[in-house]
Amino acid sequence: VARHSLGEFEQLVLLAILRIGEETYGVPIVAEIEEQTGREISRAAVYVALRRLEQKGLVCVRVESSGESPGKPRSMVRLMPEAVERLRESRRTLTSMWTGLERVLR
Amino acid sequence: MSERDDRRVARGAGARDGISRLAQWLLRLSLPADARATVLRDLEEMAGAERSRRSRSGMRVWLWRQVLSFCLRFVTERVRERLGRAPGVGHRKDERWWSALDVRYAARALVRAPVVSVAAVLCLALGIALPVAGFCVMNALFFVSLPFPESDRIVRLRDVHARGGYELDLTAVEYERRRERLSLYDVVAAYDLEEIDVALEGASLGLLSGARVTPDLFELAQTPARIGRVFGPDDASTGAGPVALVGESLWRRSLGGDASIIGRTILVKGRPHTVIGVMPERFGFPGDRVEVWLPLSTRSPEIDAASAGLKVAGRLRAGATLEQAEAELRTVLPAERTDVAADDVVIADVIPFARGSVSSQAVGFGLAMVGGLVVLLVIAAANVANLMLARNVARSGELAVRTALGASRGRLITQLFLEAMLLSAPAVVLGAMLARFALVKLQPALVLPAWSRLELDGRVLLFAAVLALTSALVAGLGPAWKATRRAAHGAMKTVGRGGDTIGFGRLSGALIVIELCLSVALLGVAGVFARGMFEFGRTGVVLPAENVLVVQLHWGAPPELRGGQSVNGAERRAAWAAHERVAARDQALIAWALASDPAIRTVTYASHVPGMPLAPSTIEIEGDGDATVFASTRIASIRPAFFETLDVQLLAGRDFRAGEAVAGASIVIINESFARRHFGSVPAALGRRIRPQGNDAQSSSGAPAAWFEVIGVAPDLGLNPGDPANADGVYLPLGDINIAELIVHTRDGAETALPLVLGVVRDVSRDVELQWTTTLAESIRLPARIFRGVAAGFVVAGIIALVLSMLSLYALMAFSVTRRTREIGIRMAIGAPTRSVLGAVLGRGLRQLLLGATLGALLGIVLARLAVATIPFDLVRGGPIELIATALLFTIAGTIACLRPVRRVLGLDAMHAMRAD
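This structure is a prediction, so every number in the text was calculated from the model and none was measured.

(A) Just the overall build of chain B, in detail. In terms of helices and strands, chain B carries 26 helices and 22 strands. For chain B, the residues scored as buried account for 50% of the 917 residues in total. Counting contacts in chain B only where the partners sit at least 6 residues apart, residues at least 24 apart contribute 81% of the total. Total accessible area on chain B is roughly 41700 Å²; 60% of this is exposed by carbon and sulfur atoms.

Right under this line is the structure:
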């Protein structure tokens, strides 16, 4: 199966999960991206991206039913090792593309 | 409170302030099952965090934006997954489900077939223009809101007589009592609408739409004056100097238009009033377009003499519902109404103010109208669908090649659908422009409230956008689905040998049948009503309409009954009789004063003016021997010289004479239709006897009516303008009454005599209210004009539908002949007779034609029945005959449309045909 590079938004979501550092869910991810990027993002886009990442096997989703609001489960996401690998790859690609352009882009 | 209770309260609050049920339903519909619960929960959590940062309405907007965003993104995602374009493994950026490339490609495909594209755009534009124009009128009439802050809380409180269906007004005392007992309102105000004569420095400004209002009304509307101030409580108290407010348009038009108007004196109803303020242009409240406001006192110990006939408006407290308001009014009602008999039921009714003047019947009629016009769009879209279908067939090779190169079916459908969207986008712009043009022409004929405007606002544009999307769906999706079905199954094998692989027949046939069915139904129903609408208001007699002025004079309720005191039946009757005698005396004085002026030819009074709709009543007709017959007819009451004033000669017998015109005089004049229908001929009617039933049978003394002898026969004078075929009616003598139409035949035109008439009326009585004023020409023209406009709209729509269907049928037949040329050649080559070849080609088209026409006629019958139930006037002149005739017309026109392609078949040479591509 051919591996394709990650989209920018997908990278943002993966990095946010990585920054939070533990199993997390949609709301903190949104908050983290907004805090770090300083721009408002579409909540729905985060959930759609998580779904895609799950289909690509980069995150693992576990449904947790919480005691405080019964009947309303929460989807907890965790990064798969492959996701970290792909992020590394992505950074390598970008860094190599940036190298040597300092003068032009200064 | 237990923990569970806590939770329930929290959940209830969540439902109220949080995600509404509709939003939850939308989310359930759009999100995949495994994501629903978590998204809902997270959304609630996010909303919790947002709530502290936003106002309540801002929060609502934020939540809806989130919900719609979730719905849109997940639906898109699911469509992608369904079409095998899930951007998981193998996803490439250029394989989005649609891209700019698709749009460019679609545009190029449309430009390549300019004739088809232009035809399709024009077709859709026509289909869109009429419903948009219709909806725009509906929007301006029915869905308008008052231009005041939080105007959805402004309501009218009505007492409706259950049996009669009419609204009962209140006296000042009743209003005050009611006001004290109502608790659900921030403000309650009373008002009374009337025509008010205004003069400035001796020059009459004519009769203007006016209102007497309690000062609370301006608090209710929360609208300040444009210049000066609105009424305060002191303006309505006893002893306050008379003051008035004027509307901006009146101020600009006739009062100089500068600020010095404040403090100046104008004559209102013949009395000097000081102008204290100018109300803004679109205020017009509480009538449709009020221009003069006078303060109304309901509290002073000495009640304003004319303070009867009041209507009530209120501003509901925040959170109060119409149901609660109605329930409260119901508890208040029984204690108050002293003017209705014990067995009469009065219904409490609270309605939004802006819709108060529009009946639900009228809304139904309007919706039926717009619905009929939307049918036209469906026809147009079906037509375009057929065009697209034919074009897609011609492009089957291209679609097959794209499939072979790896395009998915979803991609092809998207592209074909985009083409339809590209057609409907300019169509909606063109359609809206056409609608605007039509509305500009139509505007003068429509009577709209001051605060509503005939414009393409957001709601109309949204409606137009929905129409555009609908037309694109109808015109694009079906053909695209059809065209890509075979293409997806490796259709390459036929490419290059000229054959096409797309099944064209069934869908196209179904579209034609639907189109024909709708067209026949539309034109048929238009045919059933058009004649009735066009003939509306025609009397058959030429009346001196431009020279006759009609003013309704109203003397209100007897002064003894205005205070709302409780009186017994006998006292009440006596008070009314005395009051009506006073009114009759004033009427006689006005008539005498006017008749002695050289500018006036004749003056009379009546209960009805020719051309205005009149409800039917039952009468009893004396037959030979003891037998009597009951019949439904129209009854008007007139004073002597009614016919002379209208320049009408009686056909037989004589007019009423002075002195005979008192209730109970047992003579009657009937019209020609009545004479012919019930007595065979005009001369035979004289001396025969009739007796009105129900309310018309009782004189003011309450005694049952005796038999009325026919003393004269008049021509038909528009007693039933809606239905000339049932124009029969009778004229009874008009007795003493507190409300009557003053009919004045002037020498130099009705408009010029208006100041004179107003002057005389005011000289005789300052208390009389002038309800409305018009020339006879206007009173005949107004209802007729509206109906003729509607009828013309429907006939035009029907004819457009006819033309569209015929074009579609022609195109289909021509296309079918072209497509089957080789087959026809083979048939001819192996010796098939021309007749059987023709049968094979034409048979299907004719079958569709007959099926569509028959279904259309049946649908037309159903729709006509529905329309009859909705339209408040009897306008039906046709029936199944009109519908069958329409079906026949379509069949004949359709056969003619098929003729040209048939002639091509007949002219075919078998050898050439077999070689055809």
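And the narrative resumes.
(B) View of the overall build of chain A. Looking only at helices and strands, chain A has five helices and two strands in total. In sequence order, the secondary structure elements of chain A are arranged as α-α-α-β-β-α-α. Each of the 106 residues in chain A was classed as buried or not, and the buried ones make up 41%. Of the contacts formed within chain A by residues at least 6 apart in sequence, a portion of 51% connects residues at least 24 apart. Carbon and sulfur atoms provide 53% of the accessible area of chain A, an area that totals close to 6500 Å².

(C) The arrangement of the interface of chain A and chain B in detail. Contacts between chain A and chain B engage 24 residues on the former and 26 residues on the latter. Carbon and sulfur atoms make up 53% of the surface buried where chain A meets chain B, a total of about 2400 Å² over both sides. Summed over the three residues of chain A that lose the most area to chain B, namely Arg43, Tyr47 and Arg51 of chain A, the buried surface amounts to 26% of that side. Our count for the contact surface shared by chain A and chain B stands at five salt bridges. Residues glutamate 50 of chain B and arginine 43 of chain A are paired through a salt bridge, measuring 3.6 Å at the closest nitrogen-oxygen approach. Top contributing element to the side of chain A that touches chain B by residue count: helix α3 (residues 43-55) of chain A, with eight residues.

(D) Molecular detail of helix α19 (residues 672-679) of chain B. Residue and element names in this part refer to chain B. Along α19, the positions that sit buried rather than exposed are Phe674, Ala675 and Phe679. Projected down its long axis, α19 shows its buried positions confined to an angular sector of 100°, all on one face. Immediately beyond the C-terminal end of α19, within one or two residues, lies glycine 680, with a positive phi of roughly 90°.

(E) Structural context of empty space enclosed by the protein. Residues and elements named next belong to chain B. The full count for this structure, using the stated rule, is three cavities of 30 Å³ or more. Approximately 60 Å³ is the volume found for the largest cavity. In this structure, the largest cavity is lined by Leu812, Met813, Ser816, Val841, Arg844, Gly845 and Gln848. Mapped onto the lining of the largest cavity, the elements with two or more residues apiece are α22 (776-819) and α24 (834-870). The element contributing the most residues to the lining of the largest cavity is α24, with four residues.

(F) Molecular detail of unusual backbone geometry. All names here are of chain B. With omega at 5°, the peptide bond leading from phenylalanine 285 into proline 286 counts as cis. When you line up the elements, proline 286 lands in the loop between β8 (271-279) and β9 (292-295). Of note, alanine 641 is a non-glycine position whose phi angle comes to about 70°, a positive value. For alanine 641, the location among the structural elements is in the loop between β15 (628-638) and α18 (642-645). Using a relative accessible area of 18% as the deciding quantity, one classes alanine 641 as buried. Positive phi, close to 60°, is recorded for aspartate 647, a residue that is not glycine. Mapped onto the fold, aspartate 647 is located in the loop between α18 and β16 (652-653).

(G) Here's a closer look at the packing of aromatic side chains. All names here are of chain B. Scanning the model with the defined rule gives 15 aromatic pairs over all chains in all. Aromatic pair phenylalanine 285 and phenylalanine 353: ring centres 4.7 Å apart, planes at 55°, arrangement tilted. Taken as a pair, phenylalanine 285 in the loop between β8 and β9 and phenylalanine 353 in the loop between β11 (346-352) and α11 (360-394) lie far apart in primary sequence, 68 residues in all. Using a relative accessible area of 6% as the deciding quantity, one classes phenylalanine 353 as buried. Ring pairing ties together the aromatic residues Phe148, Tyr191, Phe218, Phe231, Phe283, Phe285, Trp293 and Phe353, which thus form one cluster.

(H) Representation of the side chain of serine 117 of chain B within the structure. All names here are of chain B. By secondary structure assignment, the location of serine 117 is in helix α6 (residues 114-142). Judged by relative accessible area, serine 117 falls into the buried class, the value being 10%. At 2.7 Å, the side chain of serine 117 forms a polar contact with the backbone oxygen of leucine 110. In contact with serine 117, other than residues within four places in its own chain, are Leu110 and Leu423.

(I) A nonpolar patch on the surface, seen in detail. All names here are of chain A. The grouping of Leu94, Met97, Trp98, Leu101, Val104 and Leu105 at the surface amounts to a nonpolar patch, some 650 Å² of accessible area in total. The leading source of residues in the nonpolar patch is helix α4 (residues 81-98), at three residues. Looking at where valine 104 falls in the secondary structure, it is placed in helix α5 (residues 102-105).

(J) Representation of the pattern of salt bridges in the model. Residue and element names in this part refer to chain B. For the structure on display, the rule yields 34 salt bridges over all chains. Taking the shortest distance from any N to any O, the salt bridge between glutamate 50 and arginine 54 comes out at 2.7 Å. Judged by relative accessible area, glutamate 50 falls into the buried class, the value being 4%. In this structure, glutamate 672 and arginine 676 form a salt bridge, with 3.0 Å as the shortest nitrogen-oxygen distance. Of the two residues, glutamate 672 and arginine 676 are both situated in helix α19; the distance of four residues between them amounts to about one turn of the helix.

(K) Just the confidence of the model for chain B, in detail. All names here are of chain B. Here chain B averages 78 in pLDDT, while 83% of its residues score no lower than 70. Low pLDDT, under 50, characterises residues 490-503; the predicted model gives this stretch 27 contacts beyond four residues in sequence or across chains. Across the assembled chains, the prediction reports ipTM 0.84 with pTM 0.56.

(L) Spatial organisation of the pairing of strand β21 (residues 739-746) of chain B. All names here are of chain B. Counting buried residues in β21 gives seven out of eight residues, a clear majority hidden from the surface. As paired strands, strand β13 (residues 600-606) and β21 are joined by six bridges and run antiparallel to one another. Bridge pairing links tyrosine 605 to leucine 742 in β21.

(M) How the structure looks around helix α5 (residues 100-112) of chain B. Residue and element names in this part refer to chain B. End to end, α5 covers 18 Å across 13 residues, agreeing with the expected 18 Å (1.5 Å per residue, within 8%). Buried within α5 we find Asp102, Ala106, Ala109 and Leu110. Buried residues along α5 cover an arc of 100° about the axis, so they all sit on one side. Exposed and oriented more than 90 degrees from the buried face of α5 are Ala100, Arg104, Val111 and Arg112.

(N) The arrangement of the side chain of asparagine 738 of chain B in detail. Relative to the elements of secondary structure, asparagine 738 of chain B occurs in the loop between β20 (729-733) and β21. Ignoring any residue separated from it by four or fewer positions in sequence, one finds asparagine 738 of chain B in contact with Leu553, His554, Trp555, Gly556, Trp576, His579, Glu580 and Ala583 of chain B.

(O) Summary view of the nonpolar core. Membership of the largest hydrophobic core comes to 49 residues, with the highest contact counts inside it found for Ile128, Val132, Val384 and Leu423 of chain B. Of all the elements in the fold, those that place two or more residues in this core are α6, α11, α13 (409-442), α14 (458-487), α15 (505-535) and α22 of chain B. Counting residues per element, this core draws most heavily on α6 of chain B, which supplies 14 residues. Setting aside anything within four residues of it in sequence, one finds isoleucine 128 of chain B in contact with Leu377, Ala427, Val428, Gly431, Leu467, Ala468 and Ser471 of chain B. Core analysis: the next-biggest nonpolar cluster, separate from the first, contains 43 residues, Leu12 and Val27 of chain A together with Leu27 and Cys71 of chain B among them.

(P) Quick look at the packing of α3 of chain A against helix α3 (residues 33-51) of chain B. Following both chains from N to C, one finds α3 of chain A and α3 of chain B inclined at 145°, their axes separated by 12 Å at the closest point. Note that α3 of chain A runs across α3 of chain B; the crossing there is right-handed. In contact with Arg43, Tyr47 and Arg51 of chain A of α3 of chain A, α3 of chain B contributes Asp34, Val39, Asp42, Met46 and Glu50 of chain B. Its residues assigned to classes, the contact of α3 of chain A with α3 of chain B comprises three nonpolar, no polar and five charged.

(Q) Seen up close, the packing of α5 of chain B against α13 of chain B. Residues and elements named next belong to chain B. Taken N-terminus to C-terminus, the directions of α5 and α13 make an angle of 60°; their axes are 9 Å apart at the nearest point. Between α5 and α13, the crossing angle belongs to the class labelled oblique. Handedness of the α5/α13 crossing: right-handed. Counted together, Asp102, Val103, Tyr105, Ala106, Ala107, Ala109 and Leu110 of α5 and Arg411, Gln415, Leu418, Glu419, Leu422 and Leu423 of α13 form the full contact between these two elements.

Reading the values: rules and limits
- All residue numbers refer to position in the chain's written sequence, counted from 1.
- All chains are assigned letters beginning with A, and all ligands numbers beginning with 1, in the order in which they are written.
- Only residues with pLDDT of at least 70 get local features here, since the model is predicted, and only at 80 or more are side-chain atom pairs given and counted; chain-wide, interface and lining totals rely on the full set of residues.
- Values reported for side chains reflect all heavy atoms of the structure, with hydrogen atoms and water molecules removed beforehand.
- Every helix listed is a DSSP run of H or I at least four residues long, and every strand listed is a run of E at least two residues long, numbered separately from the N terminus.
- The classification of residues rests on relative accessible area computed with a 1.4 Å probe and restricted to protein chains. Under 20% of the type maximum is buried, over 50% is exposed, and intermediate values are partly exposed.
- A contact between two residues is defined here by any heavy atoms of the two lying within 4.5 Å.
- Accessibility throughout is a Shrake-Rupley quantity obtained with a 1.4 Å probe, and a residue counts as covered only by protein chains that appear here.
- Take the accessible area each of two parts loses on contact, using a 1.4 Å probe, and add the two losses: that sum is the buried area.
- When a carboxyl oxygen of Asp or Glu lies within 4 Å of a side-chain nitrogen of Lys or Arg, that pair is called a salt bridge.
- Within this analysis, the arc is defined by the directions that extend from the helix axis to the C-beta atoms.
- With a 1 Å grid laid over protein atoms only, a set of points is called a cavity when a 1.4 Å probe fits there but cannot get out and a pocket when it is open yet has protein on both sides within 12 Å along at least five of seven lines; lining residues have an atom within 4 Å of a point.
- Grid points are joined across faces, edges and corners, and a volume is the space filled by probe spheres set on the points.
- In summary, the pairing rule links any two rings of Phe, Tyr or Trp, Trp by its six-membered ring, whose centres are within 6.5 Å, and it sorts them by plane angle into stacked for under 30 degrees, edge-to-face for over 60 and tilted for everything else.
- Counted as a polar contact is a pair of N or O atoms within 3.5 Å, where, for protein atoms, one must be capable of donating a hydrogen and the other of accepting one, and residues adjacent in sequence contribute only when both atoms are in side chains.
- Patches in this entry comprise residues that are over 30% relatively accessible and not in a salt bridge; like charges within 9 Å are linked, as are nonpolar side chains (Val, Leu, Ile, Met, Phe, Trp, Tyr) within 5 Å.
- Values of pLDDT, ranging from 0 to 100, describe the predictor's confidence in every residue of the model.
- DSSP calls a pair of strands paired once it identifies at least 2 bridges connecting them.
- What a helix should span is 1.5 Å times the count of its residues minus one.
- Nonpolar cores are built from buried Ala, Val, Leu, Ile, Met, Phe, Trp, Tyr and Cys residues. Side-chain atoms within 4.5 Å join them into one set.
- Every angle, taken between N-to-C directions, lies between 0 and 180 degrees, and every axis is a line fitted to C-alpha atoms, over only the stretch in contact when it is a helix.
- Should the near helix be turned anticlockwise from the far one by less than a right angle, the crossing is left-handed, and should it be turned clockwise, the crossing is right-handed.
- For this classification, the nonpolar set comprises Ala, Val, Leu, Ile, Met, Phe, Trp, Tyr, Cys and Pro, the charged set comprises Asp, Glu, Lys and Arg, and every other residue, Gly included, is treated as polar.
- Orientation labels follow simple angle bins: below 35 degrees gives roughly parallel, above 145 gives roughly antiparallel, 65 to 115 gives roughly perpendicular, and whatever is left gives oblique.

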